[in-house]
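Listed below are the residues making up each chain.
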Amino acid sequence: MEFNKLRLPVPKSILAPAGLLRQALCYKNQQQMGTYRSTLQKLVKAYPNSPEAKEAQKMLNQSPKEATGNCPSPVEHPRGAARLATEKSR
């Protein structure tokens, strides 16, 4: 629900695709693979030119066995902490 706060009020926000990606990763960690994949698909469709959409597409292309590995936390994610810090400083 918290990640929806990044996307719903201002869908064109730079944080919206990042919020959807984080939301998908939460579903993955909870072993809700159907919701995980549908959230990734929503991200690719809504924000096709974003770096997060490119990453989501890579995740969608993984086999289901590969997709069940551990997810990085937002801080460990390559663009996670830096992008969030940049947006908060604006």
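Each value, and the rule that gives it
- Residues numbered from 1 in each chain as written.
- Predicted model: local features only at pLDDT ≥ 70, side-chain atom pairs only at ≥ 80, totals over all residues.
- Heavy atoms only, no water.
- Helix = DSSP H or I, 4+ residues; strand = E, 2+ residues; numbered from the N terminus.
- Buried < 20%, exposed > 50% of the residue type's maximum accessible area, 1.4 Å probe, protein only.
- Expected span 1.5 Å × (residues − 1).
- Arc of directions from axis to C-beta.
- Core = buried A, V, L, I, M, F, W, Y, C linked by side-chain atoms within 4.5 Å.
- Contact = heavy atoms within 4.5 Å.
- pLDDT = per-residue confidence, 0-100.
- Axes fitted to C-alpha atoms, helices over the stretch in contact; angles between N-to-C directions.
- Parallel < 35°, antiparallel > 145°, perpendicular 65-115°, else oblique.
- Left-handed = near helix turned anticlockwise from the far one by under 90°.
- Nonpolar A, V, L, I, M, F, W, Y, C, P; charged D, E, K, R; others polar.

A. Inspection of unusual backbone geometry at higher detail. For Gln 31, which is not a glycine, the phi torsion comes out positive at approximately 60°. Along the chain, Gln 31 turns up in the loop between helix 2 (16-29) and helix 3 (33-46). Overall, Gln 31 belongs to the exposed group, its relative accessible area being 52%.

B. Representation of helix 3. Compared with the 20 Å implied by 1.5 Å per residue over 14 residues, the 20 Å span of helix 3 between its first and last C-alpha is a close match. All buried positions along helix 3 are accounted for by Tyr 36, Thr 39, Leu 40 and Leu 43. Along helix 3, the residues classed as buried sweep out an arc of 100° about the axis, all on the same side. Exposed and oriented more than 90 degrees from the buried face of helix 3 are Gly 34 and Lys 45.

C. Just the nonpolar core, in detail. With 12 residues, the main nonpolar core is built from Ala 16, Leu 20, Leu 21, Ala 24, Leu 25, Tyr 36, Leu 40, Leu 43, Tyr 47, Ala 56, Met 59 and Leu 60. Those elements that provide at least two residues to this core are helix 2, helix 3 and helix 4 (51-61). The greatest single-element share of this core, amounting to five residues, is contributed by helix 2. Setting aside chain neighbours within four positions, we find Met 59 in contact with Leu 21, Leu 25, Tyr 36, Arg 37 and Leu 40.

D. Molecular detail of the confidence of the model for the protein. Confidence in the prediction of the protein, expressed as mean pLDDT, is 75, and 57% of residues score 70 or more. The secondary-structure element of the protein with the lowest mean pLDDT is helix 6 (residues 80-88), recorded at 51, while helix 4 shows the highest, at 95. Note on residues 72-78: pLDDT under 50 across the span, and 10 contacts to partners over four residues away in sequence or across chains.

E. Representation of the packing of helix 2 against helix 3 within the structure. Packing of helix 2 against helix 3 brings their axes to within 8 Å, and their N-to-C directions diverge by 165°. Between helix 2 and helix 3, the angle is such that the two are roughly antiparallel. You can see that helix 2 and helix 3 cross each other, and the crossing is left-handed. Facing Pro 17, Leu 20, Leu 21, Gln 23, Ala 24, Leu 25, Tyr 27 and Lys 28 of helix 2, the residues of helix 3 in contact are Met 33, Thr 35, Tyr 36, Thr 39, Leu 40, Lys 42 and Leu 43. Along the lines of polarity and charge, the residues of the contact of helix 2 with helix 3 split into 10 nonpolar, three polar and two charged.

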